[in-house]
Amino acid sequence: MSIRTILSNCVKTLSNGKCDVRFAVRTFYTYSPEPFHPLPDRAPVWKTAEDAVTAIKSHDKVFVHGAAATPFLLLEAMKDYGMKGSLKNVSVFHIHTEGDASYTQPEYEGIFRSNSLFIGSNVRKAVNEGRADFTPIFLSEIPLLFRRNIIKLDVVMISVSPPDKHGFCTLGPSVDCTRAAVQNAKHIIGLINPRMPRTFGDTAIHMSHFDCMVETDQPLLAHEPMPLTEQEKRIGMHIAGNLVPDGATLQMGKDAQII
């Protein structure tokens, strides 16, 4: 007997007390926050970036994909819509993003407020001038903010690789805390980019989880390394020559460079 038949029978037998309506209405088989689990009879609406961001309302909490997966096209559309749509007090949560983060400029004060969970150079000036916030937190603990509803996300904007023949996209090189944001948001906007690499592990998300999708074909934003100074090279050589034995395993920070 299929699960749909079982649920149907449960509803029919409610009158004689043999079934709990909560079981019949909401189960793992009718909805799952697990991005890898396809949702039955559900598909995203294809929109332009300009139309997609109209889902954002005043006082919403928005999460933005970070690093190389920064959805620049959606951020630009959000910035323009914020001004034209008279939005107010939209909180934008993110780890470090690439691009100029122009929504943090003075003219957008009162419309958007960036909250960096891992700060980057493109928002540091806004933080220092009091137009944006920085929340110190371990990267590994950021998902708990969403899972425990400490931050209740209204909209998530992410970049993904194109869906395969089964409808599965991936989060590309930036899974980090984004997967937890996807699992706990009310509205998910996906930016499909054929240049986004398809990655494996806990990175898959089925198309049925998206509320809308936007197509683009743009190069990924890159974080170019700064040239090492002679002093930095000498520090690295000193560490390698005196503190690191042959065969050692090294844990590297996010911004570490190989000398």
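Shown above is the structure to which this text applies.
Worth saying up front: this structure is predicted, and the values here are computed from it rather than measured.

A. Local environment of the overall build of the protein chain. Scanning the protein chain for helices and strands turns up 8 helices and 10 strands. Scored against the burial criterion, the 259 residues of the protein chain give a buried share of 41%. Sequence separation of at least 24 residues holds for 70% of the intrachain contacts in the protein chain that already meet a minimum separation of 6. Surface summary for the protein chain: the accessible area is close to 14900 Å², and the carbon and sulfur share equals 55%.

B. Broad picture of unusual backbone geometry. A positive phi is found at His59, a non-glycine position, where the angle reads about 75°. You can see His59 is positioned in the loop between helix 3 (49-52) and strand 2 (61-64). The phi dihedral of Ala67 falls on the positive side, at around 55°, and the residue is not glycine.

C. Quick look at the pattern of salt bridges. The full count for this structure, using the stated rule, is 10 salt bridges. Put simply, Arg113 and Asp133 hold a salt bridge, and the shortest N to O gap is 2.8 Å. In this pair, Arg113 is assigned in strand 4 (residues 112-116) and Asp133 in strand 5 (residues 133-134), connecting sequence segments 20 residues apart. Members of the salt-bridge network, linked through shared partners, are Lys125, Glu129 and Arg131.

D. Here's a closer look at the sheet that holds strand 3 (residues 90-94). Strand order across the open sheet formed by 8 strands is 1-10-8-6-2-3-4-5, with parallel pairing between neighbours. The sheet is open, and its two borders are formed by strand 1 (45-46) and strand 5, each paired with just one other strand. In terms of strand pairing, strand 2 meets strand 3 through 3 bridges, oriented parallel. Bridge pairing links Val62 to Val92 in strand 3.

E. Quick look at the environment of Phe72. As for its position among the elements, Phe72 is in helix 4 (residues 72-84). Note: C-alpha distance between Phe72 and Asp100 (28 residues apart in sequence) is 9.2 Å. If we skip the residues at most four places from it in the chain, Phe72 touches Asp100 and Leu221.

F. Structural view of the pairing of strand 10 (residues 212-215). As paired elements, strand 1 and strand 10 share 2 bridges and run parallel to each other. Bridge pairing in strand 10 places Trp46 opposite Met213. Across 4 bridges, strand 8 (residues 187-192) lies against strand 10 in parallel orientation. For Ile192, the partnering residue across the bridge sits in strand 10 and is Glu215.

G. Examining the environment of Ile137 more closely. Checked against the element boundaries, Ile137 lands in the loop between strand 5 and helix 6 (142-147). Given the relative accessible area of 24%, Ile137 is considered partly exposed. Ile137 sits 21 residues away from Ser116 along the chain, and the two C-alpha atoms are 9.8 Å apart. If near-sequence neighbours (up to four positions away) are discounted, Ile137 is found in contact with Leu117, Ile142 and Leu145.

H. Looking closely at helix 4. Spanning 13 residues, helix 4 covers 19 Å between terminal C-alpha atoms, matching the ideal 18 Å at 1.5 Å per step. Within helix 4, burial applies to Leu74, Leu75, Ala77, Met78, Lys79 and Gly82.

Cut-offs used in this document
Residues numbered from 1 in each chain as written. Predicted model: local features only at pLDDT ≥ 70, side-chain atom pairs only at ≥ 80, totals over all residues. Heavy atoms only, no water. Helix = DSSP H or I, 4+ residues; strand = E, 2+ residues; numbered from the N terminus. Buried < 20%, exposed > 50% of the residue type's maximum accessible area, 1.4 Å probe, protein only. Contact = heavy atoms within 4.5 Å. Areas by Shrake-Rupley, 256 points an atom, 1.4 Å probe, with all protein chains shown as cover. Salt bridge = Lys/Arg side-chain N within 4 Å of Asp/Glu carboxyl O. Pairing = 2+ DSSP bridges. Expected span 1.5 Å × (residues − 1).

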